[in-house]
Amino acid sequence: LLTALTEMRGSMSNAVKSIGNILNIQGTVVPVTNSINTLKAKLEGGDVVEGESRIDLCRERDESARIVKLWQEPKVSANPDALEALYNSHYILIGPGDLFTSIISNLIVGGVAEAICSSRAKKIYLCNIMTKPGETTGFDVKDHVREVVKYLKSDALDYVVCAKSEDYSKELLRKYKVQNQEPFQLNTKREINHESKAVVIQADLANAKELVRHDSLKLAGVIKKIIDQTRSEFKAPET
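Given the structure is predicted, the values throughout are model-derived calculations rather than measurements.

**Q** Sorry if this is basic, but what is going on with the pattern of salt bridges here?
**A** As a working rule, side chains carrying opposite charge can pair if their charged atoms are close by. Scanning all chains against the criterion turns up 11 salt bridges. Between K40 and E73 there is a salt bridge, with the nearest N and O atoms lying 2.8 Å from each other. Here K40, found in strand β1 (residues 38–43), pairs with E73, found in strand β3 (residues 67–73); they are 33 residues apart in sequence, far enough to count as distant. Overall, the relative accessible area of 37% leaves E73 in the partly exposed class. The closest approach of N and O atoms between E147 and R146, which form a salt bridge, is 3.7 Å.

**Q** Would you take a moment to explain unusual backbone geometry for this structure?
**A** Among all residues save glycine, negative phi is the norm, and among peptide bonds the norm is trans. Put simply, E73 and P74 share a cis peptide bond, and its omega is -10 degrees. Going from G95 to P96, the amide bond is cis rather than trans, its omega being -5 degrees. Relative to the assigned elements, P96 resides in the loop between β4 (91–94) and α5 (99–107). Positive phi, close to 55 degrees, is recorded for N24, a residue that is not glycine. Structurally, N24 is set in the loop between α2 (12–23) and β1. Relative accessible area serves as the criterion here: at 56%, N24 is assigned to the exposed category.

**Q** Sorry if this is basic, but what is going on with the state of the cysteines here?
**A** Working definition of a disulfide: a covalent bond connecting the sulfur atoms of two cysteines. Tallied over the entire structure, the rule returns 0 disulfides. Left without a disulfide partner, C117 is nearest to the cysteine sulfur of C127, which lies 18 Å away. As a non-bridged cysteine, C127 has C162 as the owner of its nearest cysteine sulfur, 6.3 Å distant. When its relative accessible area of 0% is taken as the criterion, C127 is described as buried.

**Q** What is the right way to read the layout of surface pockets from this model?
**A** If you roll a probe as big as a water molecule over the atoms, it shows you where there is empty space left. Quantified by volume, the largest pocket comes out at close to 1100 Å³. Surrounding the largest pocket, 36 residues form its lining, P31, V32, T33, N106 and V109 being those nearest its centre. Elements with a contribution of two residues or more to the lining of the largest pocket: α1 (2–9), α4 (80–88), β4, α5 and α6 (112–118). If you tally residues by element for the lining of the largest pocket, the top one is α5, at 6 residues. Across the lining of the largest pocket, the residue classes break down as 20 nonpolar, 14 polar and 2 charged.

**Q** Can you help me understand the nonpolar core in this one?
**A** Judged by nonpolar contacts, the single largest core of 41 residues is most densely connected at L70, F100, L107, Y125, V145 and L157. Elements with a contribution of two residues or more to this core: β1, β3, α4, β4, α5, α6, α7 (141–152) and β6 (159–163). Ranked by residues supplied to this core, first place goes to α7 with 6 residues. Filtering out sequence-adjacent residues up to four positions away, V145 remains in contact with Y125, L157, V160, I192, E195 and S196. With 20 residues, the next largest nonpolar core counts I129, M130, L172 and A203 among its residues.

**Q** Can you walk me through a positive patch on the surface in this structure?
**A** On the surface, K42, K69, K75 and K153 cluster together to form a positively charged patch. Within the secondary structure, K42 is located in strand β1. By relative accessible area, K42 is classed as partly exposed at 37%.

**Q** Mind showing me how you'd approach the pairing of β1 here?
**A** Both β1 and β3 contribute to a ladder of 6 bridges, which runs antiparallel. Each residue of the ladder has a partner; that of K40, found in β3, is W71. Relative to strand β2 (residues 48–50), β1 is paired through 3 bridges, and the arrangement is antiparallel. Residue pairing across strands places K42 opposite V48, the latter belonging to β2.

Reading the values: the criteria
- Residues numbered from 1 in each chain as written.
- Predicted model: local features only at pLDDT ≥ 70, side-chain atom pairs only at ≥ 80, totals over all residues.
- Heavy atoms only, no water.
- Salt bridge = Lys/Arg side-chain N within 4 Å of Asp/Glu carboxyl O.
- Helix = DSSP H or I, 4+ residues; strand = E, 2+ residues; numbered from the N terminus.
- Buried < 20%, exposed > 50% of the residue type's maximum accessible area, 1.4 Å probe, protein only.
- Disulfide = S-S within 2.5 Å.
- 1 Å grid on protein atoms, 1.4 Å probe; cavity = no way out; pocket = protein on both sides within 12 Å on 5 of 7 lines; lining within 4 Å.
- Points joined across faces, edges and corners; volume = space filled by probe spheres on them.
- Nonpolar A, V, L, I, M, F, W, Y, C, P; charged D, E, K, R; others polar.
- Core = buried A, V, L, I, M, F, W, Y, C linked by side-chain atoms within 4.5 Å.
- Contact = heavy atoms within 4.5 Å.
- Patch = residues over 30% accessible without salt bridge, like charges linked within 9 Å, V, L, I, M, F, W, Y side chains within 5 Å.
- Areas by Shrake-Rupley, 256 points an atom, 1.4 Å probe, with all protein chains shown as cover.
- Lys, Arg positive; Asp, Glu negative; His and termini not counted.
- Charge placed at Lys NZ, Arg CZ, Asp CG, Glu CD.
- Pairing = 2+ DSSP bridges.

Have a look at this one:
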């Protein structure tokens, strides 16, 4: 549907606006860029993987080899509407999502990292709960924070939110183990702060029934606390 609307409306921005009207989306969805590009990743050992799906699905590559560099060809510039939204935000939430193909792939679009770092907004990184083969195998929370800071090109994070260790059922963990996935190992806050000055918040965030994923209400509760604690910083001074 999105592809068809892009062809009909002439740009991704117009297509997203149209699909927002069709689906009655609450809020505004802004594409990071209107240009077409190819995502590329250099792996440990020097191999280069081309295309988001091949990076994401580990097609014809060693899923244990870490990604050491991510870039796009050709280089593209950010959608001006996206940059304006970042500049004018009070809070920027980064994640959760696949670290390289969903999060960092946006940070490397020309102008995005700079807009995030120069914005007055509080930057909140929401770390994933489970590892992903080919992207974060063997990663812990500290590794995630290090990569985000690396591609932001600045220690701009104000908060890192991550899930506490949970007692997931053995049956559920076995299902993930078959797919070479496991819960992220937690670091001490001091270890994470070796990578960033951000305030580290560890909380009960998981919903572990059929899948291990973020519980939207629990996550929203943590974000609301951050907003309540920092809201006064964005109030206009009284005259």
